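Breakdown of the fold
Read off the chains here:
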Amino acid sequence: MTAPTARETTRENPWPLALLSSNIRKYVDRMSPLWVEGQVVEYKQRPNVKMAFFVLRDVNEQTSMTVKCFSHVLRQTGSAFDEGARVVVLCKPDFYEGNGQLSLFAKEIHIAGTGNLLEQIEQLRRRLHSEGLFDDRHKKPLPFLPRKIGLICGANAKAKDDVIINARTRWPGALFEVKEVPVQGIHCVDAVTHAIAELDDLDDIDLIVVARGGGSVEELLPFSDEKLVRAAFSARTALVSAIGHEADCPLLDFVADYRASTPTDAARRIVPDVTEEKTTIKDAYLRLHQSILQLIHREDEQLHNLVSRPVVRDPSMVVSIHKEHVQHLIIRLRQSMTQTVALHTHQISGLVTTLRALSPYHVFERGFSVVRTASGTVIDNASDISKGELLEVIFHRGSAVVKVAGTNPDATFSKKENS
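Sequence positions are assigned chain by chain, starting from 1 and proceeding in written order. Thresholds applied to this predicted model are a pLDDT of at least 70 for local features of residues and 80 or more for the giving and counting of side-chain atom pairs; totals over whole chains, interfaces and linings are not thresholded and use all residues. The side-chain figures draw on all heavy atoms in the structure; neither hydrogens nor water molecules are used.

Here we look at the sheet that holds strand 11 (residues 370-372)
Put simply, the rule reads: We call two strands paired when DSSP finds no fewer than two bridges between them. Strands are runs of DSSP state E lasting at least 2 residues, helices are runs of H or I lasting at least 4, and numbering of each runs from the N terminus. In this analysis an axis means a line fitted to C-alpha atoms, helices contributing only their contacting stretch, and an angle means the value between N-to-C directions, from 0 to 180 degrees.
One open sheet accounts for three strands, arranged 11-12-13; its pairing is antiparallel. The sheet terminates laterally at strand 11 and strand 13 (399-403), the two strands that pair on one side only. Strand-to-strand twist in this sheet, taken as the mean axis angle between neighbours without regard to direction, amounts to 25 degrees.

Right, here's the structure in full:
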């Protein structure tokens, strides 16, 4: 016989789980409707549905609960209802026996103000941005082919397989150092921060990947924690953030050196594709081979052109060409020298004629003579000599010593007398 109350159950007479679930349902159903306050942390708008669902979280605690209501209840709140909004809800607890989940069924929803959780994240984002943590100048380049990849992910998580399997499909030799840690909840921040520090200290780790599959806003909140974000920024090793899906954007994405939209996208980015690299190498080889052939052909043509030149076929032509030039220069030089000699000969002849005309010896040839004293003074005036003085008379040929018998200072020389 089944025990009528929980207190009366024993190891030999336990309740079936369905009975416990039924009794919890009865207890919850007896609870009165009540007003609760919280912040909307997850809400996906789905038009044309009868029931709407969102997650309500305590503003100051980690407690959260699913809330369901008729769609028209949400429409009455207006456009202000969205993730991050603080709301006050008139609801009644509801327990579903099938999976033992406790939720709230809302009858009224009123906006109480913008939720401070997402606002705090936005304020943190602005502060970290002002400090320069998101600047491109801090981004480290990802290695082309890391020796070993540090992977931080959940235990037996799909994100782990997404990264490792897809990476090794691209590059079969990819090596991983895996750190399986909590990727949501109150222990997530410390665990991920510690894992980043551990991997960053390993010398053979060239890249760190923080990966987590999609999740609710609440589940991804740890990856916007300031402690975790600063730890990622301080890491010396390049870091890839692969958190959630394309639309998710925790603060870790902003400090990461590369933000992958999904873990699969991270796998495509952290290692090269061996097939593509082989194709690239093959194409490069073909281009190099073609370039070498073209270079050889071009050089061969140039060599042929050089060999076919007359001067290469008969090197003496170089001497012959210069010999002709030298002979031409010799002829020109001789002509120039002959002209120069003739010119100077003519000039000298003229100078000789002039010199002869000015020379006193030429005067002597016409019968004139020069009279000078014993001291060598030339006499040109009879008054300069006296009777009985000895003088020297120089003729065209020879000289004579004469004695002055007398002078006639007043006598003059005339052409008639000269003739």
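Considering the state of the cysteines
We count it as follows: The criterion for a disulfide is a pair of cysteine sulfur atoms lying within 2.5 Å. Here the term buried applies to any residue with accessible area under 20% of the maximum for its type, exposed to any over 50%, and partly exposed to those in between, with areas from a 1.4 Å probe on protein chains only.
Going through the model one piece at a time under the given rule, you end up with zero disulfides. Here Cys 91 is not cross-linked by a disulfide; its sulfur's nearest cysteine counterpart is in Cys 69, at 11 Å. With a relative accessible area of 0%, Cys 91 lands in the buried category. Cysteine Cys 188 remains unbridged, with the sulfur of Cys 153 as its closest cysteine sulfur at 12 Å.

Considering helix 5 (residues 188-200)
Definition in use: The span one expects for a helix is its residue count, reduced by one, times 1.5 Å. Two residues qualify as a contact provided that any one of their heavy atoms is within 4.5 Å of a heavy atom in the partner residue.
Here helix 5 contains 13 residues, and its C-alpha end-to-end distance of 18 Å stays within 8% of the 18 Å for a straight helix at 1.5 Å per residue. Listed as buried for helix 5 are Cys 188, Val 189, Ala 191, Val 192, Thr 193, Ala 195, Ile 196, Leu 199 and Asp 200. Structurally, helix 5 contributes buried residues whose contacts are with strand 6 (149-153), strand 7 (176-180), strand 8 (207-212), helix 7 (226-234) and strand 9 (238-243).

Quick word on the sheet that holds strand 8
Taken in spatial order, the five strands of this open sheet run 7-6-8-9-10, and their pairing is parallel. Looking at which strands have only one partner, the edges of the open sheet turn out to be strand 7 and strand 10 (258-259). The pairing of strand 6 with strand 7 spans five bridges and is parallel. Each residue of the ladder has a partner; that of Leu 151, found in strand 7, is Val 178.

Some details on the environment of Gly 406
Considering the arrangement of structural elements, one finds Gly 406 in the loop between strand 13 and helix 14 (415-418). With a relative accessible area of 47%, Gly 406 lands in the partly exposed category. When the C-alpha positions of Gly 406 and Ile 321 are compared, they lie 86 Å apart, and in sequence the two are 85 residues distant.

Examining the side chain of Ser 71
The topology assignment puts Ser 71 in helix 2 (residues 71-75). Looking at Ser 71, the relative accessible area reads 10%, which means it is buried. Beyond its immediate stretch of four places on either side in the chain, Ser 71 contacts Val 49, Lys 50, Met 51 and Ala 52.

Some remarks on the packing of helix 4 (residues 158-170) against helix 9 (residues 263-270)
Inclusion rule: Any angle from 65 to 115 degrees is called roughly perpendicular, while one under 35 is roughly parallel, one over 145 is roughly antiparallel, and all others are oblique. What makes a crossing left-handed is the near helix being turned counterclockwise from the far one by less than a right angle; a clockwise turn instead makes it right-handed. Nonpolar residues are Ala, Val, Leu, Ile, Met, Phe, Trp, Tyr, Cys and Pro. Charged residues are Asp, Glu, Lys and Arg, and all others, Gly as well, are polar.
At a closest axis distance of 8 Å, the pairing of helix 4 and helix 9 adopts a crossing angle of 30 degrees. As the angle between them shows, helix 4 and helix 9 are arranged roughly parallel. The hand of the helix 4/helix 9 crossing is right-handed. Contacts between helix 4 and helix 9 involve Ala 159, Asp 162, Val 163, Asn 166, Ala 167 and Arg 170 from the first element and Pro 263, Thr 264, Ala 267, Arg 268 and Ile 270 from the second. Of the residues belonging to the contact of helix 4 with helix 9, the class tally is six nonpolar, two polar and three charged.

Overview of the nonpolar core
The condition that has to hold: By nonpolar core is meant a set of buried Ala, Val, Leu, Ile, Met, Phe, Trp, Tyr and Cys residues that side-chain atoms within 4.5 Å join together.
Residues Ile 152, Val 192, Ile 196, Val 210, Phe 223, Leu 239 and Leu 252 are the most contacted members of the largest nonpolar core, which totals 31 residues. Broken down by secondary-structure element, the contributors of at least two residues to this core are helix 3 (116-130), helix 5, strand 8, helix 7, strand 9 and helix 8 (252-255). Counting residues per element, this core draws most heavily on helix 5, which supplies seven residues. Excluding residues within four positions of it along the chain, Phe 223 makes contact with Val 183, Cys 188, Val 192, Val 210, Arg 212, Leu 228, Val 229, Ile 243, Pro 250, Leu 251 and Leu 252.

So, the packing of aromatic side chains
In plain terms, the rule: Geometry of aromatic contacts follows a simple scheme: Phe, Tyr and Trp rings, the Trp one being its six-membered ring, pair when their centres are within 6.5 Å, and the pair is stacked under 30 degrees between planes, edge-to-face over 60, tilted otherwise.
By the definition in use, this model includes four aromatic pairs. When the ring of Phe 54 is compared with that of Phe 81, the centres are 5.0 Å apart and the planes differ by 75 degrees; the resulting orientation is edge-to-face. Separated by 27 residues along the polypeptide, Phe 54 in strand 2 (residues 51-57) and Phe 81 in the loop between helix 2 and strand 4 (85-96) bring together distant segments of the chain. Phe 81 matches Phe 54 in its accessibility class, with the two residues each being buried.

Comments concerning helix 4
Counted at 1.5 Å a residue, the expected span for helix 4 with its 13 residues is 18 Å, and the 18 Å between its end C-alpha atoms agrees. All buried positions along helix 4 are accounted for by Ala 159, Asp 162, Val 163, Ile 164, Ala 167 and Arg 170.

A few points about the pairing of strand 6
As a reminder of what qualifies: Whether a crossover is right-handed comes down to one check: with the strands pointing away from the viewer, does the path from the first strand over the helix to the second run clockwise; if it does, it is right-handed.
Within strand 6, five of the five residues are buried, which leaves the element mostly enclosed by the surrounding structure. Burial of the side chains of strand 6 extends over both faces: Ile 149, Leu 151 and Cys 153 are buried on one face and Gly 150 and Ile 152 on the other. Taken together, strand 6, helix 4 and strand 7 form a β-α-β motif whose crossover is right-handed. Here strand 6 pairs with strand 8 via four bridges, running parallel. Following the sheet pairing, Leu 151 is matched in strand 8 by Val 209.

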